[in-house]
Amino acid sequence: MNYSKLVELYEKLENTPSRLDKVSLISDFLTEADDEDIRMSILLLQGKVFPRWSEKEIGLASKTAAKIISSMSGISDREVMKEFSETGDLGLVAEKFIGRKTQTVLFSKKLSLEKVFENFRRLAETGGTGSSDRKAKLISELISSASPKEAKFIIRTISEDLRIGVAEGVVRDSIASAWFSDVEWLTNPAKRDRIIETLKSADKKKIIFDKEAREAISAKNWLSLEELEKRNKVIVEDLKKFNEEKLWKKESGIDFIITNDDSIGNELSKKITDYIEWAWFLSPDYSEVALLARNKGISGLKEAKVKLGRPVQVLLADKAPSLREAIEEYGKPAIEVKYDGMRLQIHKDGEKVWLYTRRMENVTKMFPDIVEMVEKHVKAKTCVIEGENLGIDSKSGKPIPFQRLSQRIHRKYDIQRLAEEIPVQVNVFDILYLDDEMLFDKPFRERRNLLVKIVREEKGKFQLAEELVTENLEEAQKFYQKALEMGQEGVMVKNLDAVYQPGKRVAGGWLKVKPIMETLDLVITGAVWGTGKRAGWFGSFLLSCVDSEGNLKECGMMGTGIKEKKANKNDFTFKELTDMIKDDIISEKENAVSVKPNVILEVAYEEIQKSTNYDSGYALRFPRLVRVRSDRSPDDCDTTERIKSLFDAQRGRKEEAK
Ligand code: AMP
């Protein structure tokens, strides 16, 4: 396939705000492509050439990309950067300037999708000394045969800023729409209008109605059934007994399934997305899931398998209002310490070990000490287990704040030294795969027994998460208190009968119980301009409290809880916050500004940490906007003392955090 075909799709997607229309554009594109093109396009539509969990990334600094544009177009670096600062989009800059050049030189050879994909892959794999020249060469090679529009998207891809509004959910739905029947129900007027319009022009399609849907159409005269039947194959069937395998268009040939019962419609269409998601949860790469969907249908998706070395999406926890309610919910649950570290998914295949974070980042190289522990302490040929990786103070043996442990993530150098400085302890709590068998359907009590069998504990280093199985609230409360005194976050209450559902919060699975953090009122004292979709607005805000003398003291940077668009009355948008502070700017340096302290925000957060980055001495972890307090002035702001006392109250962790 020519790259221009994908670029045509990119262009349409960029100009199509509707999610449904995006899905239909992508699914039309997919149905016309072959396996290889599908594999590449699905990744490229997400601006990638490797799946999400891969360590390899295309990303090139904007300066490097700008240099390439300059050398390929003969336009000066300065002019390219000027245009960039005006548009905030290097792709547009490339389109404009490369366009000028190509009018004279003209792209001689058509760019194939394969060539673009191949060069992007090589780009992501190129590192070490002299790599910038080699990278520039790979891009220049593409640009020299690219049309202006192609250049725009090549540059946007390498800048990791595609701007076509295709999130993972859109890809999932496009796969559903490409290879599975379109399930529609007539009870929702908006949906009904859309499907009736589609049916009016349907030709040579296979359409299944349930009796009620057919009757409703006929009674309401929404369309002429006679006409429809003349042009298409229409069948009336009881959808309550519908065989799910027939949802696969390729084998059943069914284009539309139309019901008058929204619960049936919902159930059938949810089945399709659930099976697609299931395959994706087990091996998160939509380019492979698409091929399964295309070539094997529902049964192929159902039989998707864990692949050792590739992360599985993790099971998530729900919040419980209290320990009592959590215990009442499950009867006699397992209560485990909720360690405050980072989740690790550990894959073992013989001698090979992989470590993934909850967000599917491969951290194997950063934790050689854990790889060694797994080799020593896990007695299984193949397995996938999960645990919480906790940083430990090498002197006191006590847990250290997550913030210090996180220095070991993303570390490229001095890995060994850091492993000695910040030793870790792994607390394993679940098993998903053992000796070539997936364990998702096994209840937690059985999974925990298997875990006990294969883990040779070394206390303080590689151990099973501490647990107590009880229905007694008093005992549970003592355990919870102990967990907090240990400096941990709280407890996880786990239903012993629950299965492991990758990527989801299972109703009746895990409930977390931890102390509630009180919100803080803080004042905005600075901000950083946003990029990409947030260009033109401030994208994050510097927050300050006051000390006992009334001086402002910084305590965090917040970019969460603020909306791009206003969906609710109570939402605050980036634009609104930007407008509130932009007349208060005192000074500006690069992309950051300082502002007069006028706007007070109520801020929630996950935790307070000690910090040398902010002059209050504290940093809020994951701060998020609750609301703007226009009723308050900077004098009403929370104080460093209050932050300190909240910090002290938090898990009795005074000593370790010094
Ligand atoms: P949260 O991030 O607050 O939703 O809590 C869920 C996280 O707690 C998991 O993703 C784990 O990283 C962490 N965690 C710590 N200890 C445990 C445990 N014993 N069982 C399950 N998750 C745990």
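## Remarks on the nonpolar core
Reasoning step 1: Ranked by internal contacts, the top residues of the largest apolar core, which has 126 residues, are Tyr3, Tyr10, Phe120, Trp179 and Phe180.
Reasoning step 2: What tyrosine 10 contacts, discounting residues up to four positions off in sequence, is Tyr3, Leu44, Leu45, Phe153, Leu162 and Ile164.
Reasoning step 3: Grouped together as the second largest cluster of nonpolar side chains are 31 residues, Val378, Ala380, Ile431 and Phe462 included.

## What to know about the site of the ligand
Reasoning step 1: Taken together, 13 residues surround the ligand, and among them Glu336, Arg343, Glu388, Lys494 and Lys512 come closest.
Reasoning step 2: Between the ligand and lysine 512 there is a distance of 2.5 Å, counted from an oxygen atom to a side-chain nitrogen or oxygen.
Reasoning step 3: Among the elements of the structure, strand 6 (334-338), strand 14 (490-494) and strand 15 (510-513) are those that each provide at least two residues to the shell around the ligand.
Reasoning step 4: With three residues, the single largest contributor to the shell around the ligand is strand 6.

## With respect to unusual backbone geometry
Reasoning step 1: The phi torsion at asparagine 221 lies on the positive side, around 60°, for a residue other than glycine.
Reasoning step 2: The topology assignment puts asparagine 221 in the loop between helix 12 (211-220) and helix 13 (225-231).
Reasoning step 3: Classification of asparagine 221 by relative accessible area gives exposed; the value is 62%.
Reasoning step 4: Phi is positive for aspartate 414, which is not a glycine, with a value near 55°.
Reasoning step 5: With respect to the secondary-structure elements, aspartate 414 resides in the loop between helix 19 (402-405) and helix 20 (415-421).

## Quick word on the packing of helix 3 (residues 35-45) against helix 16 (residues 286-302)
Reasoning step 1: One way to put it is that helix 3 packs onto helix 16 with a least axis distance of 8 Å and a crossing angle of 145°. The hand of the helix 3/helix 16 crossing is right-handed. Residues Asp35, Ile38, Arg39, Ile42 and Leu43 of helix 3 pack against Tyr286, Ser287, Ala290, Leu291, Arg294 and Asn295 of helix 16.
Reasoning step 2: Within the contact of helix 3 with helix 16, the residues separate by chemical class into six nonpolar, two polar and three charged.

## Here's the deal with the sheet that holds strand 5 (residues 318-319)
Reasoning step 1: Pairing in this open sheet of five strands is mixed, and the strands run 5-15-14-6-13 from one edge to the other. Looking at strand neighbours, the two that pair on one side only are strand 5 and strand 13 (467-469), the edges of this open sheet.
Reasoning step 2: In this structure, strand 6 lies alongside strand 13, joined through three bridges in antiparallel fashion. Note on strand 13: the bridge partner recorded for alanine 334 is valine 469.
Reasoning step 3: Here helix 17 (residues 323-330) sits on the sheet and contacts strand 6, strand 14 and strand 15; the angle it forms with strand 15, its principal contact strand, is near 165°.
Reasoning step 4: Lying over the sheet, helix 22 (residues 473-485) contacts strand 6, strand 13, strand 14 and strand 15, oriented at roughly 135° with respect to strand 14.

## What to know about the pattern of salt bridges
Reasoning step 1: Under the criterion given, the structure shown has 72 salt bridges.
Reasoning step 2: The partner of glutamate 245 in a salt bridge is lysine 302, and the shortest N-O contact between them spans 3.4 Å. Of the two residues, glutamate 245 is situated in the loop between strand 3 (233-236) and helix 14 (249-252) and lysine 302 in helix 16; the sequence distance between them amounts to 57 residues.
Reasoning step 3: Using a relative accessible area of 35% as the deciding quantity, one classes lysine 302 as partly exposed.
Reasoning step 4: Among the ionic pairs, glutamate 277 bridges to lysine 504, the shortest N-O distance being 3.7 Å. Linking glutamate 277 in helix 15 (residues 262-282) with lysine 504 in the loop between strand 14 and strand 15, this pair joins segments that are 227 residues apart in sequence.
Reasoning step 5: Among the charged side chains, a salt-bridge network with shared partners connects Glu11, Glu14, Asp89, Glu95, Lys149, Lys152, Arg156, Asp161 and Arg163.

## Points about the domain arrangement of the protein
Reasoning step 1: Looking at the protein, the domain boundaries give domain 1 (3-165), domain 2 (180-279), domain 3 (318-513) and domain 4 (520-657).
Reasoning step 2: Here domain 1 and domain 3 have C-alpha centroids that lie 41 Å from each other.

## Here's the deal with helix 17
Reasoning step 1: Along helix 17, the residues classified as buried are Leu323, Ala326, Ile327 and Tyr330. The buried residues of helix 17 occupy an angular sector of 95° when projected down its axis, which confines them to one face. Of the exposed residues in helix 17, those oriented more than 90 degrees away from the buried face are Glu328 and Glu329.
Reasoning step 2: Here the buried face of helix 17 lies against strand 6, helix 22, strand 14 and strand 15.
Reasoning step 3: Downstream of helix 17 by one or two residues, glycine 331 has phi in the positive range, about 80°.

## With respect to the packing of aromatic side chains
Aromatic rings considered in pairs are described by the distance between their centres and by the relative angle of their planes.
Reasoning step 1: In the structure shown here, the tally under the stated rule is ten aromatic pairs.
Reasoning step 2: Summarising the aromatic geometry, the rings of tyrosine 618 and phenylalanine 647 are spaced 5.5 Å apart at their centres and angled 55° between planes, so their arrangement reads as tilted. With tyrosine 618 in strand 23 (residues 618-621) and phenylalanine 647 in helix 24 (residues 640-649), this pair connects stretches of sequence that are 29 residues apart.
Reasoning step 3: Of the residues examined, tyrosine 618 reaches a relative accessible area of 8% and is grouped as buried.
Reasoning step 4: Aromatic ring contacts, followed pair by pair, group Trp278, Phe440 and Tyr500 into a single cluster.
Reasoning step 5: We note lysine 191 situated over the ring of tryptophan 185; from NZ or CZ to the ring centre the distance is 4.1 Å.
Reasoning step 6: Positioned over the ring face of tryptophan 510 is lysine 494, at 4.2 Å from the centre of the ring.

Scoring rules and cut-offs
Residues numbered from 1 in each chain as written. Predicted model: local features only at pLDDT ≥ 70, side-chain atom pairs only at ≥ 80, totals over all residues. Heavy atoms only, no water. Core = buried A, V, L, I, M, F, W, Y, C linked by side-chain atoms within 4.5 Å. Buried < 20%, exposed > 50% of the residue type's maximum accessible area, 1.4 Å probe, protein only. Contact = heavy atoms within 4.5 Å. Near = heavy atom within 4 Å. Polar contact = N/O pair within 3.5 Å; in protein donor to acceptor, adjacent residues only side chain to side chain. Helix = DSSP H or I, 4+ residues; strand = E, 2+ residues; numbered from the N terminus. Axes fitted to C-alpha atoms, helices over the stretch in contact; angles between N-to-C directions. Left-handed = near helix turned anticlockwise from the far one by under 90°. Nonpolar A, V, L, I, M, F, W, Y, C, P; charged D, E, K, R; others polar. Pairing = 2+ DSSP bridges. Salt bridge = Lys/Arg side-chain N within 4 Å of Asp/Glu carboxyl O. Domains from an automatic or database assignment. Arc of directions from axis to C-beta. Phe/Tyr/Trp six-rings, centres within 6.5 Å; stacked < 30°, edge-to-face > 60°. Lys NZ or Arg CZ within 6 Å of the ring centre and 35° of its normal.

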